[in-house]
Amino acid sequence: MRLKTTAAAVALTLTLTLPFASVPDAAAQSSSGSNPVSVSHIGVGATSTDMNFSWRTNYRGAESVKYYPSRQPDAAQTVLAEEARYGVVGRSMHASISGLQPGLEYTYQLGSDLGGWSEPETFRVQPEGDSWSFLNFADAQIGVDLKVREQADAWRAAVKQATSNYPDSEFILHAGDQTEGWGSPTIQWEAFFSPDELRNYPVAMSKGNHETYALPGYFDERSNFPNQQGSSANYFFERNNALFVVLDSNESFSRDIQRHADFVRKTVTEHGTDKDWIIAVMHHAPYAQSSHAMKDSDVKRLREGLAPVFSEAGVDMVMSGHDHMYNRTHLMNGLTPTAPDAYPASGDVLKPKAGEVMYVTTTTAGGGKYYNFHSPDGEEHPQYTSYTQTRDTGLQAKEIAIWTQDKTPDYAVVDVDKNTLTMRTFNVVDNSLVDEFTLDKSSTDRPAPGTRNPGVVTPGGAGEEGSSGSSDGAPGEIYAS
């Protein structure tokens with residue numbers, strides 16, 4: 001069920017010391033103690049009136065999701081589940097329901113009359129409209145250095161704090177590396193889905209590189225994605241006045257990038273023309289001030305291949321993880337940053353023109369590891385922890401507006417309105433504001449997405465021969481003042 005709004009000072013840091021024993025097992029989710037249902041969560045559906053479900057079971061018979069408006073148990077309906085193609089431990093079941101009524105709370109159970117039903121859980125279908133919000137996380141990556149208990153505690157604390165402070169959020173976005181992959185993937189996935197809130201709020205996941213370090217089934221059996229592109233982890237979903245396009249950035253060679261580009265163009269053209277906002281999600285961040293963005297060949301290929309496509313297609317924002325530090329760029333037209341009027345600062349209100357895209361990277365929500373600041377030449381500079389220290393040193397990349405590395409977990413809330421999109425990132429430990437920015441399209445000539453050439457890519461920024469996503473020279477050259 002939804003949590004009531006609490007003050008920012010809610011003592012959520014205490015949850016960092018909760019025992020890992022709170023990870024639910026089959027018995028904990030069973031109304032009778034015999035139900036084999038376990039590791040369940042709600043996934044985002046194709047629209048706000050759809051919900052997707054995923055769970056694991058040891059029962060061999062047919063299972064379903066049973067749901068009804070919470071005050072009308074006599075109106076219960078059931079939808080038969082299908083067994084996921086990949087099941088590593090036990091059977092994994094997927095089910096989808098549609099036609100939900102906005103503004104209503106629903107109660108649901110998973111299982112069957114013969115095998116038993118899970119304990120009742122609730123979710124709320126938020127009212128439809130052009131003003132709404134969602135939550136953003138990345139890199140819980142539970143299992144780094146085998147510290148499953150510690151990172152699960154931190155992940156639960158982050159989810160609890162975010163949903164307590166913003167209880168009317170539409171869904172939870174997690175931009176990849178749900179688990180470490182190495183070690184014990186079963187225990188890591190159980191820990192990732194241990195927050196109670198993941199059975200009350202739909203979750204949108206992207207596939208991170210650490211999802212490739214275990215057998216494919218561990219991720220695939222939990223991936224009940226809407227509008228999925230074949231066997232790829234590319235998919236899309238619509239929420240009110242926004243379209244979300246999720247890409248599997250592990251696929252980073254030329255043929256993969258071409259498929260991503262075609263998917264973005266086709267999806268935006270067919271589903272984005274009536275939307276105010278187009279948001280892309282991919283685990284690997286095209287721009288960041290860490291070693292990945294500065295040195296990794298797969299990130300360079302993704303950056304050079306997809307940044308011009310995002311600008312061309314009219315994408316407004318690209319959300320990523322992978323770099324375990326907070327970064328946001330200047331508005332980017334293809335591979336070229338747009339000169340701001342002044343030094344960037346928290347609270348910036350930016351007015352994107354045609355082809356200009358914001359790239360933002362969220363740090364780890366599990367706290368397992370962090371990356372130090374790297375300059376564009378690939379050198380590490382651990383003495384720097386904030387953009388305020390590096391913006392005039394010649395070490396900060398031209399593309400980056402703000403970065404910070406305080407080595408504590410973060411989460412973000414994104415408020416969506418018809419003309420504005422505001423993202424606020426918070427430190428989980430003390431709930432302090434890390435950064436805030438607003439994209440304001442109320443007075444720009446930005447073309448509608450999905451129209452012919454809605455973005456304008458500047459010369460040298462469209463992946464032309466010899467272009468590069470890296471920057472040389474002092475960042476002061478880009479600032480207007």
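Residues numbered from 1 in each chain as written. Predicted model: local features only at pLDDT ≥ 70, side-chain atom pairs only at ≥ 80, totals over all residues. Heavy atoms only, no water.

In this structure, Phe 134, Phe 137 and Phe 310 are the most contacted members of the largest nonpolar core, which totals 96 residues. Those residues in contact with Phe 137, other than ones at most four positions away along the chain, are Trp 155, Ala 158, Val 159, Ala 162, Ile 172, Leu 173, His 174, Ala 175, Ala 365, Asp 410 and Tyr 411. (Core = buried A, V, L, I, M, F, W, Y, C linked by side-chain atoms within 4.5 Å. Buried < 20%, exposed > 50% of the residue type's maximum accessible area, 1.4 Å probe, protein only. Contact = heavy atoms within 4.5 Å.)

Attention now goes to the packing of helix H1 (residues 148-165) against helix H2 (residues 185-192). Here H1 crosses H2 at 20 degrees, and the two axes come no closer than 9 Å. By the angle between their axes, H1 is roughly parallel relative to H2. In this structure, the crossing between H1 and H2 has a hand that is right-handed. Residues Val 148, Ala 152 and Trp 155 of H1 touch H2, and the partners they reach there are Ile 187, Gln 188, Ala 191 and Phe 192. (Axes fitted to C-alpha atoms, helices over the stretch in contact; angles between N-to-C directions. Helix = DSSP H or I, 4+ residues; strand = E, 2+ residues; numbered from the N terminus. Parallel < 35°, antiparallel > 145°, perpendicular 65-115°, else oblique. Left-handed = near helix turned anticlockwise from the far one by under 90°.)

Taken as a whole, the largest pocket spans an internal volume of roughly 410 Å³. Looking at the largest pocket, it is lined by 21 residues, and the ones nearest its centre are Ala 339, Pro 340, Asp 341, Leu 350 and Lys 351. Every element with two or more residues in the lining of the largest pocket is listed here: strand E17 (326-329) and strand E20 (348-350). Ranked by the residues each element gives to the lining of the largest pocket, the list is headed by E20, at three residues. Each residue belonging to the lining of the largest pocket can be placed in one class, and the counts come to nine nonpolar, five polar and seven charged. (1 Å grid on protein atoms, 1.4 Å probe; cavity = no way out; pocket = protein on both sides within 12 Å on 5 of 7 lines; lining within 4 Å. Points joined across faces, edges and corners; volume = space filled by probe spheres on them. Nonpolar A, V, L, I, M, F, W, Y, C, P; charged D, E, K, R; others polar.)

For the rest of this paragraph, the subject is the pairing of strand E2 (residues 51-57). In terms of burial, E2 is a largely internal element, seven of the seven residues being buried. Alternating residues of E2 divide into Met 51, Phe 53, Trp 55 and Thr 57 and Asn 52, Ser 54 and Arg 56, and every residue in both groups is buried. When strand E1 (residues 38-44) meets E2, the two strands line up antiparallel, connected through five bridges. Bridge assignment links Gly 43 to a residue of E2, and that residue is Asn 52. Linkage of E1 to E2, two consecutive antiparallel strands, is achieved through a turn of six residues. Sheet analysis places E2 next to strand E6 (residues 91-97), joined by seven bridges and oriented antiparallel. Residue Ser 54 lies in a different strand from E6, and its bridge partner there is His 94. (Pairing = 2+ DSSP bridges.)

For the structure shown, the criterion picks out 31 aromatic pairs. Between Phe 373 and Tyr 384 the ring centres are 5.9 Å apart and the planes differ by 75 degrees, which places this aromatic pair in the edge-to-face class. Of this pair, Phe 373 sits in the loop between strand E21 (356-361) and helix H7 (387-390) while Tyr 384 sits in the loop between E21 and H7, placing them 11 residues apart in sequence. For the pair shown, Phe 373 and Tyr 384 are each scored as buried. It is Arg 391 that lies over the ring of Tyr 343; its NZ or CZ is 4.2 Å from the centre. A cation over a ring is seen here: Lys 441 above Trp 277, with NZ or CZ 4.0 Å from the ring centre. (Phe/Tyr/Trp six-rings, centres within 6.5 Å; stacked < 30°, edge-to-face > 60°. Lys NZ or Arg CZ within 6 Å of the ring centre and 35° of its normal.)

Moving on, we come to the confidence of the model for the protein chain. Low pLDDT means the predicted atomic positions in that stretch should not be read closely. Confidence in the prediction for the protein chain averages 88 pLDDT; 86% of positions are at 70 or higher. Of the regions scoring below 50 in pLDDT, residues 1-33 engages in 79 contacts with residues more than four places distant in sequence or in other chains. (pLDDT = per-residue confidence, 0-100.)

So, about the side chain of Lys 441. Positionally, Lys 441 belongs in the segment after strand E25 (433-440). Residue Lys 441 is classed as buried on the basis of its relative accessible area of 16%. When neighbours within four sequence positions are excluded, Lys 441 is seen to be in contact with Asp 276, Trp 277, Asp 316, Pro 352, Asn 419 and Arg 446.

Our next topic: the environment of His 374. Looking at where His 374 falls in the secondary structure, it is placed in the loop between E21 and H7. Each C-alpha atom of the pair His 374 and Ser 291 lies 5.7 Å from the other, and the pair is 83 residues apart in sequence. Sequence-distant contacts of His 374, that is, excluding residues within four places in its chain, are made with Gln 289, Ser 290, Ser 291, Met 294, Lys 295, Glu 379 and Glu 380. Here Asn 372 takes part through its backbone oxygen, which lies 2.8 Å from a polar atom of the side chain of His 374. (Polar contact = N/O pair within 3.5 Å; in protein donor to acceptor, adjacent residues only side chain to side chain.)

With 18 residues, H1 should reach 26 Å at 1.5 Å per residue; the first-to-last C-alpha distance of 26 Å fits that figure. Burial within H1 is extensive, with 15 of its 18 residues counted as buried. (Expected span 1.5 Å × (residues − 1).)

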